[in-house]
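What follows is each chain in one-letter form.
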Amino acid sequence: MARPAARAIGGAPAPDDAARTIPASGDARTEIRNWYSHLMGERRMSEATLINYHRDLTRFFEFLADHLGGPATLDDLRRLELRDFRAFVSHRRNEGLQSRSLARMLSSMRSFFRFLDRSHVLSNASATALRSPKLPHAIPKPLTVAGAAELLDEAEIAHEEPWVAARDIAVLTLLYGCGLRVSEAVGLDRREAPLKDVLRITGKGGKERIVPVLPAARQAVDDYLLLCPYGLAKDDPLFVGTRGARLGQRQVRETMIGLRRRLGLAESATPHALRHSFATHLLAGGGDLRAIQELLGHASLSTTQMYTEVDAARLLEVYDKAKRRR
């Protein structure tokens, strides 16, 4: 049964547009639309995730069109064997895709086939039998406390429009001071301000959490709204671009790129690194690991435990430097 129509989210297309751009047969496109609508509506996936999943499935169907000699049908999807999926992975690896991107691509593909199975459209065990590539173990790369402060100071003078600079400071302060994801910060509506002592945030998978708001974050948002040239109603977005539309994640990433270039920071200094910094600095200050897990909205404590490795890595770095000075 067809899902209700949904609108585009930022750079992520609406379900009808998402299905229309994928080279598949008519029956397959119907299910692609239903799957994408499910991700957008019921799963409430972020703009970035929707864009990635749509791109991954597009590449899969482009491969199948060449592999099968025409747009894939639902019957084609049902008959695909493990060797077909392996051929796709090999094709993408030959195009230069790295292990982390390959793993996400397989996650996108499995999501689609699981949806088809749960919807009783078709079942293909081979789609879930393919193993993801082994990923290198990496620990977060947060900024130092001084580095985070310097970044916010630089944001104040980085843009010639005072209201844009105030907006960027407010967004970055929420990432660092509250541990928000970029999607969560730009997803806030005007009705949230003036910010209260806590924010109710809806994160990944529609999971809600309560986040304390520092006075500095409240003040930053107040300063931005005082300068913002747009009269924002309560149902409007809190953070807007220069044309008055909701600020996008890409714009925040571009702002961060500009700031790190001005300050000579490493490429690891991304908007998400501010969230890493929030957690790492809390932990270093004696914060409880389970409390930090709740603040970040992590489903598993093991995800939050990676921040303990950051502290251990820093201790080893200090120890190595001390040894070299002897």
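Small disclaimer: the values here were computed from a predicted structure and weren't measured. (Residues numbered from 1 in each chain as written. Predicted model: local features only at pLDDT ≥ 70, side-chain atom pairs only at ≥ 80, totals over all residues. Heavy atoms only, no water.)

Concerning the overall build of the protein chain
- Across its full length, the protein chain carries 16 helices and two strands.
- Considering the protein chain as a whole, with its 326 residues, one finds that 44% of them fall into the buried category.
- Look at the contacts in the protein chain between residues 6 or more apart in sequence, and 64% of them connect residues 24 or more apart.
- As presented, the protein chain carries roughly 17500 Å² of accessible surface, and 51% of it is formed by carbon and sulfur atoms. (Helix = DSSP H or I, 4+ residues; strand = E, 2+ residues; numbered from the N terminus. Buried < 20%, exposed > 50% of the residue type's maximum accessible area, 1.4 Å probe, protein only. Contact = heavy atoms within 4.5 Å. Areas by Shrake-Rupley, 256 points an atom, 1.4 Å probe, with all protein chains shown as cover.)

Quick notes on unusual backbone geometry
- The linkage connecting A193 with the following residue, P194, adopts the cis geometry, with an omega of 0 degrees.
- Mapped onto the secondary structure, P194 falls in the loop between α10 (182–186) and β1 (198–202).
- Its identity as a non-glycine residue notwithstanding, H120 has a phi of 60 degrees, on the positive side.
- Looking at the secondary structure, you find H120 in the loop between α6 (99–118) and α7 (126–129).

Some words on the packing of helix α8 (residues 145–157) against helix α12 (residues 249–263)
- Close contact between α8 and α12 brings their axes to 10 Å; oriented N to C, the two are set at 105 degrees. It follows that α8 is roughly perpendicular to α12 by the angle criterion. The segment α8 lies against α12, with E150, L151, E154, A155 and I157 engaging M256, L259, R262 and L263.
- Residue composition of the contact of α8 with α12, by class: six nonpolar, no polar and three charged. (Axes fitted to C-alpha atoms, helices over the stretch in contact; angles between N-to-C directions. Parallel < 35°, antiparallel > 145°, perpendicular 65-115°, else oblique. Nonpolar A, V, L, I, M, F, W, Y, C, P; charged D, E, K, R; others polar.)

Some thoughts on the packing of aromatic side chains
- Counting across every chain of the model gives 12 aromatic pairs.
- Plain terms: the ring middles of F63 and F88 are 5.4 Å apart, the flat faces sit at 45 degrees to each other, and that makes the pair tilted. With F63 in helix α3 (residues 47–68) and F88 in helix α5 (residues 82–94), the pair connects residues that are 25 residues apart, well separated along the chain. Assigned by exposure class, F63 and F88 land together as buried.
- These aromatic residues form a ring-pair network of at least three members: W35, Y53, F60, F61, F63, F85, F88, F112 and F113. (Phe/Tyr/Trp six-rings, centres within 6.5 Å; stacked < 30°, edge-to-face > 60°.)

Focus on the pairing of β1
- Burial of the side chains of β1 is restricted to one face: L199 and I201 are buried, whereas none of V198, R200 and T202 on the reverse face is.
- Here β1 runs beside strand β2 (residues 208–212); their pairing, made up of five bridges, is antiparallel. Residue pairing for β2: R200 is matched across the bridge by I210. (Pairing = 2+ DSSP bridges.)

Notes on the confidence of the model for the protein chain
- Overall, the prediction assigns the protein chain a mean pLDDT of 83, with 80% of residues at 70 or greater.
- When the criterion is pLDDT under 50, residues 312–323 qualifies, and its contacts beyond four places in sequence or with other chains add up to five contacts. (pLDDT = per-residue confidence, 0-100.)

Quick look at the pattern of salt bridges
- Enumeration according to the criterion identifies 17 salt bridges in this entry.
- Across the salt bridge formed by R218 and D197, the nearest N and O atoms sit 3.3 Å from each other. In this pair, R218 sits in helix α11 (residues 215–227) while D197 sits in the loop between α10 and β1, placing the two residues 21 residues apart along the sequence.
- The closest approach of N and O atoms between R200 and E208, which form a salt bridge, is 3.3 Å.
- Residue classification places R200 among the exposed positions, given a relative accessible area of 54%.
- Within this structure, D189, R191, D235 and R246 form a network of salt bridges that share partners. (Salt bridge = Lys/Arg side-chain N within 4 Å of Asp/Glu carboxyl O.)

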